[in-house]
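Examination of the molecular architecture
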Amino acid sequence: MTVVRPRQKNGGPHSMSIISIRQVSFRYPKQDAPALSNVSLDIFPGELLALIGGDRAGKTTLCHMLNGLIPNLIRGELAGEIIIDGKPSSSYPQGGISRIVGLSLQDPESQLFTATVEEEVAFGPENLSIPPEEIDRRVTWALEVMGIENLRKKSPSALSGGQKQRLAIASVLSMLPKVIVLDEPLGMLDPRGRRDLIEILSRLAKEKGISVVISESRIDEFIEICDRVAIMHNGSLISSGSPSDAIASSDTLKTYGIEPPRLQILSELMISENLISQKQSFLGERRANEVLKSLIDREKGGVV
Ligand SMILES: Nc1ncnc2c1ncn2[C@@H]1O[C@H](COP(=O)(O)OP(=O)(O)OP(=O)(O)O)[C@@H](O)[C@H]1O
Ligand SMILES: [Mg+2]
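The structure presented is a predicted model; accordingly, all values stated were derived computationally and were not measured.

Note that the residue after Ile70, namely Pro71, is joined by a cis bond; omega there is 10°. Topologically, Pro71 is positioned in helix H2 (residues 69-72). Residues other than glycine seldom take positive phi values, yet Asn38 does so here, at roughly 50°. Following the sequence through the fold, Asn38 ends up in strand E2 (residues 36-43). The phi torsion at Leu176 lies on the positive side, around 50°, for a residue other than glycine. Within the secondary structure, Leu176 is located in the loop between helix H5 (161-173) and strand E7 (179-183). The exposure class of Leu176 is partly exposed, given its relative accessible area of 42%.

So, in structure tokens, the structure goes:
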């Protein structure tokens, strides 16, 4: 008799994850409730992972854990295991993790402190004693990727919110990390800026093999490009899987304080009105276009 083993979900001890968080709980000093409770999560190479949750879900705490700020700089009561590139995060020397995981903070302004844009992007590599020509190459590359090469000589304080956001990400990219973690990067951007940034991040994941983790409270605009969605609520990881698996229904999302994708609401309405089948359900624009086009074609076919 053949025994069929269930496929390992989200990897396991033998998988090739870059970051592996195992049954981690964390409580900030003087707080009664833990900010994270028994969270397990792996980050794999080249994946785009959306970390979705409402207010105080624990997104920022988890982001800070992914690059070792917790527990190396931010202290608290910690249980469980945080493995980054094969080693416990607590075993890295100060600043050591930034070569592997770059973090763009929820408030990008707080991480900008030099006189010019190019100095800001050069700052990280300079601290690694990298030769000046190599630093120059990295700075130009990171500024080009983020589409802010023209702002090179400007003062960071003179930039718009969206430009600051791009600069913060460029400063992380110049370290050539394997993983970039972005804590709510879309809030300051207008719709066009959000679309552009999402596209850049998607390209970094697909073309450069960089893992990208985006924490957000809404997922409308990038639901169709992320490989995996992890849902957080009250410090727990509720689910993690493909977008359609993780995002079961708009009502479920609402109970976690997450605003459902608008097109998902439309899709659910159309299913309840028997206009489309469950199989045709959609979460984002691309699939919605396909489904609506097929409906229109069918309608035209009926008229003839
Ligand atoms: N520095 C801190 N000291 C004490 N408690 C904190 C600290 N930072 C976060 N917390 C608490 O930890 C819990 C999780 O907060 P966290 O900021 O990680 O959530 P979040 O999902 O990022 O929320 P938001 O949507 O507000 O950004 C909350 O209850 C919060 O009050
Ligand atoms: Mg936060």
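Still more ground to cover, so stick around.
What follows concerns the sheet that holds strand E5 (residues 87-88). Here we have four strands laid out as an open sheet, ordered E2-E1-E4-E5, and antiparallel in their pairing. Either end of the sheet is taken by a strand with one partner, and the two such strands are E2 and E5. Here helix H1 (residues 59-66) sits on the sheet and contacts strand E1 (19-27), E2 and strand E4 (77-84); the angle it forms with E1, its principal contact strand, is near 130°.

The next thing to look at is the packing of aromatic side chains. In this structure the tally under the stated criterion is two aromatic pairs. Ring geometry for Phe26 versus Tyr28: centroids 5.0 Å apart, planes at 85°, classification edge-to-face. Residue class for Phe26 comes out buried when judged on its relative accessible area of 1%. Look at Tyr28 and you get partly exposed, because its relative accessible area is 26%.

With that settled, consider the layout of surface pockets. As a volume, the largest pocket reaches approximately 840 Å³. Around the largest pocket, the lining is made up of 27 residues, and of these Asn67, Gly95, Ser98, Leu103 and Met175 lie nearest the centre. Put simply, the parts of the chain that give the lining of the largest pocket at least two residues each are H2, strand E6 (101-104), helix H3 (117-126) and H5. The residue makeup of the lining of the largest pocket, split by class, is 13 nonpolar, 13 polar and one charged. Taken as a whole, the second largest pocket holds about 430 Å³ of empty space. Taken together, 16 residues line the second largest pocket, and the ones lying closest to its centre are Arg195, Asp220, Glu221, Glu224 and Glu285.

With mixed pairing, the six strands of this open sheet are ordered in space as E6-E7-E8-E3-E9-E10. Strands with a single pairing partner mark the edges of an open sheet, and in this sheet they are E6 and strand E10 (236-241). Across the sheet, the mean angle separating the axes of adjacent strands is 15° when strand polarity is ignored. The pairing of E6 with E7 spans four bridges and is classified as parallel. Considered in E7, the bridge of Val101 is made with Val179. Along the sheet, H1 makes contact with strand E3 (48-53), E6, E7, strand E8 (211-216) and strand E9 (228-233), crossing E3 at roughly 145°. Most of the contacts of H5 go to E6, to which it runs at about 165°, and overall it touches E6 and E7.

About the cut-offs
Note on numbering: residues in each chain are counted from 1, in written sequence order. Naming scheme: in the order in which they are written, chains are lettered from A and ligands are numbered from 1. The predicted origin of the model limits local features to residues at a pLDDT of at least 70 and limits the giving and counting of side-chain atom pairs to 80 or more, whereas totals for whole chains, interfaces and linings rest on all residues. Working from all heavy atoms in the structure, the side-chain values ignore hydrogens and water. Helix numbers and strand numbers start at the N terminus; a helix is a DSSP run of H or I with at least 4 residues, a strand a run of E with at least 2. For every residue, the accessible area (1.4 Å probe, protein chains only) is compared with the maximum for its type, and the residue is labelled buried under 20%, exposed over 50%, or partly exposed between those bounds. Any two strands are treated as partners once DSSP identifies two or more bridges connecting them. What makes two residues a contact is simply this: any of their non-hydrogen atoms within 4.5 Å. Axis angles are defined between N-to-C directions and span 0 to 180 degrees, where every axis is a line fitted to C-alpha atoms and, for a helix, only to the segment in contact. Geometry of aromatic contacts follows a simple scheme: Phe, Tyr and Trp rings, the Trp one being its six-membered ring, pair when their centres are within 6.5 Å, and the pair is stacked under 30 degrees between planes, edge-to-face over 60, tilted otherwise. The definitions used throughout rest on a 1 Å grid laid over the protein atoms alone, on which a cavity is an enclosed set of points accommodating a 1.4 Å probe that cannot get out and a pocket is an open set flanked by protein within 12 Å on both sides along at least five of seven lines; lining residues are those having an atom within 4 Å of a point. Grid points are joined across faces, edges and corners, and a volume is the space filled by probe spheres set on the points. Each residue gets one label: Ala, Val, Leu, Ile, Met, Phe, Trp, Tyr, Cys and Pro are nonpolar, Asp, Glu, Lys and Arg are charged, and the others, such as Gly, are polar.

As far as function goes, none of this settles anything; it's purely spatial.
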